[in-house]
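Okay, here's what each chain looks like letter by letter:
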Amino acid sequence: MTTDAEETTLTVDELAARAGVTVRTVRFYASRGLLPPPVIGPRRVGHYGPGHVARLALIEELQHQGMTLAAIERYLRQLPPGLTPHDLAIHRAVVASWAPDAVEELARPELERRAGRPLTAGDIDRLVAMNVVTAGDGETFRVDSGLLRLGVRLLDVPLSHETILAAREVLMEHSRAAARELSRLLRGEVAERAARDVKSLSAHMQPLVVQALLTAFQRSLREELGEWLTGSGTD
């Protein structure tokens, strides 16, 4: 969780407005341990940072998926320690992908508010190319809300547009293959169960599968990058 003083610049009111929730909701989550405490500044004013915003977005997404507060608490406790706001945004994007339809139609000002920044014409073009945004009528856009935060963060990644799109295709290809295999395994497991049991199992499995995929991918990517950097240093 980011706690640098230069980044912990939001008051509780500003945090609530940024996350689209009430101050009462923020304080309730904090009282349950779902949010880390703020950095206390002068005059005992609490200051919050990007990590708090990202964690709130993840909590709200988990609720949107129908998870109970107790299930959300268990999910957050099982997350690896030291996750960055970017890591939390990825978790939220993957969790949101379980939703049958996460597309909303937004006007340009609301799109920029959700993105947390002004968007240039070039930014919009890149979001469209990543299938995060689809141009609608006039100044309205169809937005995949589950991918918006991740797409916005990718705008600042120092990689070419072509590389980002190629990376997206790789991830989509392998995630579909993993989803097919997992679906096959689950179908075999629940074939003889009642519909209520199947829904209950699915609700419990979804966050566990998301976490397992992310953990496995992060570990594999860390190992691959480590081997690449080690090999580069010996040339």
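Here the structure is a predicted model, which is why all the values come from computation and not from measurement.

Novice: I tried to follow the overall build of the protein on my own but got confused; where do I start?
Specialist: Looking only at helices and strands, the protein features ten helices and five strands. The buried share of the protein, taken over its 235 residues, is 31%. Excluding contacts between residues fewer than 6 apart, the proportion of contacts in the protein whose partners are at least 24 apart in sequence is 67%. Entry remark: accessible area of the protein is about 14400 Å², with carbon and sulfur atoms responsible for 56%.

Novice: Got a minute to help me understand the sheet that holds strand β4 (residues 133-135) in this structure?
Specialist: Through backbone hydrogen bonds, the strands of a sheet pair up, either in parallel or in antiparallel fashion. Pairing within the open sheet is antiparallel, and its three strands lie in the order β3-β5-β4. Bordering the open sheet on either side are β3 (103-107) and β4, each of which pairs with just one other strand. The average angle at which neighbouring strand axes cross in this sheet is 30°, direction not considered. Lying over the sheet, helix α6 (residues 108-115) contacts β3, β4 and β5 (140-144), oriented at roughly 115° with respect to β3.

Novice: Could you clarify how one ought to interpret helix α1 (residues 12-19) in this entry?
Specialist: Note that an α-helix has 3.6 residues per turn; residues three or four places apart therefore point the same way. Taken together, the buried positions of α1 are Val 12, Leu 15, Ala 16 and Ala 19. End-on, the buried residues of α1 take up no more than an arc of 95°, which puts them together on one face. On its buried face, α1 sits against α2 (23-31), β2 (46-47) and α3 (50-64). One or two residues past the end of α1 sits Gly 20, with phi positive at roughly 75°.

Novice: Would you mind going over helix α7 (residues 121-129) with me for this structure?
Specialist: Taken as a whole, α7 has its buried residues at Asp 123, Ile 124, Arg 126 and Leu 127. On an axial view of α7, the arc spanned by its buried residues comes to 165°, and they lie on one face. Summarising the geometry of α7, the exposed residues directed more than 90 degrees from the buried face are Ala 121 and Asp 125. Where α7 terminates, the next one or two residues include Asn 131, which has phi positive at roughly 65°.

Novice: What is the right way to read the packing of α2 against α3 from this model?
Specialist: Geometry of a packed helix pair, given as the angle between the helix axes and the separation of the axes. With their axes 12 Å apart at the nearest point, α2 and α3 run at an angle of 90° to one another. The angle between α2 and α3 falls in the class roughly perpendicular. Side by side, α2 and α3 meet where Thr 25, Val 26 and Tyr 29 of the first sit next to Leu 56, Ile 59, Glu 60 and Gln 63 of the second.

Novice: Quick question: what am I supposed to make of the pairing of β5 here?
Specialist: Remark: a regular strand shows side chains that alternate across the two faces of the sheet. Only one face of β5 is buried: it carries Phe 141 and Val 143, and the other face, with Thr 140, Arg 142 and Asp 144, is open. By the bridge criterion, five bridges tie β3 to β5 in an arrangement that is antiparallel. Each bridged residue has a counterpart across the sheet, and for Glu 105 the counterpart in β5 is Arg 142. Here β4 pairs with β5 via three bridges, running antiparallel. Among the inter-strand pairings, Val 133 is bridged to a residue of β5, identified as Val 143.

Novice: Sorry, what's going on with the confidence of the model for the protein here?
Specialist: Detailed reading of the predicted coordinates is not advisable wherever pLDDT falls low. Here the protein averages 77 in pLDDT, while 77% of its residues score no lower than 70. For the protein, helix α10 (residues 195-233) is the element with the lowest average pLDDT, namely 66, and α2 is the one with the highest, namely 91. Ignoring residues within four places in sequence, the model shows residues 1-6, a span with pLDDT below 50, making twelve contacts including any to other chains.

Novice: Can you help me understand the pattern of salt bridges in this one?
Specialist: Taken as a whole and judged by the stated rule, the model has six salt bridges. Between Glu 112 and Arg 108 there is a salt bridge, and its shortest N-O distance comes to 3.2 Å. With Glu 112 and Arg 108 both in helix α6, this residue pair falls four residues apart, about one helical turn. Taking the relative accessible area as the measure of exposure, Glu 112 reaches 23% and is therefore partly exposed. Between Arg 113 and Glu 110 there is a salt bridge, with the nearest N and O atoms lying 3.0 Å from each other. Here Arg 113 pairs with Glu 110, and both are found in helix α6, just three residues apart, close to one helical turn. With a relative accessible area of 41%, Arg 113 lands in the partly exposed category. In this structure, a network of salt bridges that share partners links the residues Glu 104, Glu 110, Arg 113 and Arg 114.

Parameters and conventions
- Residues numbered from 1 in each chain as written.
- Predicted model: local features only at pLDDT ≥ 70, side-chain atom pairs only at ≥ 80, totals over all residues.
- Heavy atoms only, no water.
- Helix = DSSP H or I, 4+ residues; strand = E, 2+ residues; numbered from the N terminus.
- Buried < 20%, exposed > 50% of the residue type's maximum accessible area, 1.4 Å probe, protein only.
- Contact = heavy atoms within 4.5 Å.
- Areas by Shrake-Rupley, 256 points an atom, 1.4 Å probe, with all protein chains shown as cover.
- Pairing = 2+ DSSP bridges.
- Axes fitted to C-alpha atoms, helices over the stretch in contact; angles between N-to-C directions.
- Arc of directions from axis to C-beta.
- Parallel < 35°, antiparallel > 145°, perpendicular 65-115°, else oblique.
- pLDDT = per-residue confidence, 0-100.
- Salt bridge = Lys/Arg side-chain N within 4 Å of Asp/Glu carboxyl O.

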